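Analysis of the macromolecular model
What follows is the residue order along each chain.
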Amino acid sequence: MEKKELLYEGKAKKVFTTEDPDVLIVSYKDDATAFDGQKKGTIVGKGAINNRMTNHIFKLFEAEGVPTHLIEELNDRETAVKKVEIVPLEVIIRNFSAGSFAKKLGMEEGIKLLSPTLEFSYKNDDLHDPFINDYYALALGLATKEEITTISEYAFKVNAVMQKYFAGLGIELIDFKIEFGRYHGQIILADEVSPDTCRLWDKETHEKLDKDRFRRDLGNVEDAYQEVFKRLGIK
Ligand code: TMP
Ligand code: ASP
């Protein structure tokens, strides 16, 4: 599988076309941004960790009946994926209070929620990814009712699989963001699952092992990514 042309460069990944119109190659970068790209930096080794972690976890999802865009890991940083049309929704699940949820509701971080929440943001950088609900998504034509039902079911399934898996690694899954795409009419999971897109806390010490270390200048950013990767025990 060979890269042809650069199709798109995002904040954390580059996407290349291949000779197969149904296949893209994603290439994960070490670049990190936060707050709509206002804060920029590098997390050395992040690209390889996020690539390999995403693929490892996407295989768990596949085994549990959640289809993903994964085709094949090509090397440390690059993976062949199915070319999807991204549904412009960031799908966020929370198990504990943190981040924007804690702020909005005047809560401390780390309070266990009575049930997991699901929320949507409209993927639109100019608008800073505003919070919307399923009626907005329908009204704006971002997804159909059937797609929203499927997306919600898959998102809760992904949460259950990850909560259980991370618990076995001594990690609490606080919250995460995922994205879906359309592939020949079917909804499948796309994008990534990594310390960039999940809040992961050590179960015992509650140490943050995710991108909040970068967002909040907590230090030891690389160490946190390495620690998560080490616990995955890949290879
Ligand atoms: P939030 O608490 O800032 O709304 O973030 C919720 C989750 O979504 C958290 O795990 C971090 C993740 N996230 C992204 O993956 N990309 C983003 O642009 C933002 C704002 C959050
Ligand atoms: N990735 C987002 C940005 O660059 C924000 C974040 O993850 O905090 O703005």
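The structure under discussion appears in the preceding block.
Residues numbered from 1 in each chain as written. Chains lettered and ligands numbered in written order. Predicted model: local features only at pLDDT ≥ 70, side-chain atom pairs only at ≥ 80, totals over all residues. Heavy atoms only, no water.

1. Digging into the site of ligand 1
Neighbouring ligand 1 are 13 residues, the closest being R94, S100, D175, K177 and R199. Between an oxygen atom of ligand 1 and a side-chain N or O atom of R94, the distance comes to 2.9 Å. Between ligand 1 and S100 there is a distance of 2.6 Å, counted from an oxygen atom to a side-chain nitrogen or oxygen. In isolation ligand 1 has 460 Å² of accessible area, and contact with the protein removes 75% of it. Contributions of two or more residues to the shell around ligand 1 are made by β9 (89-96), α2 (99-104), β12 (171-183) and β14 (198-202). Ranked by residues supplied to the shell around ligand 1, first place goes to β12 with three residues. Classifying every residue of the shell around ligand 1 by side-chain character gives four nonpolar, three polar and six charged. (Near = heavy atom within 4 Å. Polar contact = N/O pair within 3.5 Å; in protein donor to acceptor, adjacent residues only side chain to side chain. Areas by Shrake-Rupley, 256 points an atom, 1.4 Å probe, with all protein chains shown as cover. Helix = DSSP H or I, 4+ residues; strand = E, 2+ residues; numbered from the N terminus. Nonpolar A, V, L, I, M, F, W, Y, C, P; charged D, E, K, R; others polar.)

2. Some details on the pairing of β9
Of all the eight residues making up β9, eight are buried; the element is thus mostly covered by neighbouring parts of the structure. As defined by bridge partners, β9 adjoins β12 across four bridges and the pair is classed as antiparallel. Bridged to I92 within β12 is K177. (Buried < 20%, exposed > 50% of the residue type's maximum accessible area, 1.4 Å probe, protein only. Pairing = 2+ DSSP bridges.)

3. Remarks on the site of ligand 2
Surrounding ligand 2, one finds K11, T33, A34, F35, D36, G37, K211 and R215. With respect to ligand 2, the side chain of K211 contributes an N or O atom lying 2.8 Å from an oxygen atom. Compared with its free state, where it exposes 270 Å², ligand 2 has 73% of that area covered by protein. In the shell around ligand 2, the residues fall into two nonpolar, two polar and four charged.

4. Some thoughts on helix α1 (residues 46-63)
The first and last C-alpha atoms of α1 sit 26 Å apart over 18 residues, in line with the 26 Å expected at 1.5 Å per residue. Within α1, 13 of the 18 residues are buried, leaving the element largely enclosed by the surrounding structure. Count one or two residues on from α1 and you reach G65, which has phi positive near 90°. (Expected span 1.5 Å × (residues − 1).)

5. Section: the pattern of salt bridges
For the structure shown, the criterion picks out 29 salt bridges. The residue D212 makes a salt bridge to R216 at a minimum N-O spacing of 3.4 Å. Overall, the relative accessible area of 1% leaves D212 in the buried class. Here the salt bridges do not stand alone but share partners, grouping R94, E109, E119, D175, R199, K208, D212, R215 and R216 into one network. (Salt bridge = Lys/Arg side-chain N within 4 Å of Asp/Glu carboxyl O.)

6. Describing the nonpolar core
Ranked by size, the top nonpolar core spans 47 residues in total, and within it F61, L89, M162, F166 and I178 carry the most contacts. Put simply, the parts of the chain that give this core at least two residues each are β4 (31-34), α1, β9, α4 (145-167), β12, β13 (186-190), β14 and α6 (221-232). Per-element accounting of this core gives the leading share, nine residues, to α4. What I178 contacts, discounting residues up to four positions off in sequence, is L89, E90, V91, A155, V158, L189 and V193. With five residues, the next largest nonpolar core counts V15, L24, V26 and Y28 among its residues. (Core = buried A, V, L, I, M, F, W, Y, C linked by side-chain atoms within 4.5 Å. Contact = heavy atoms within 4.5 Å.)

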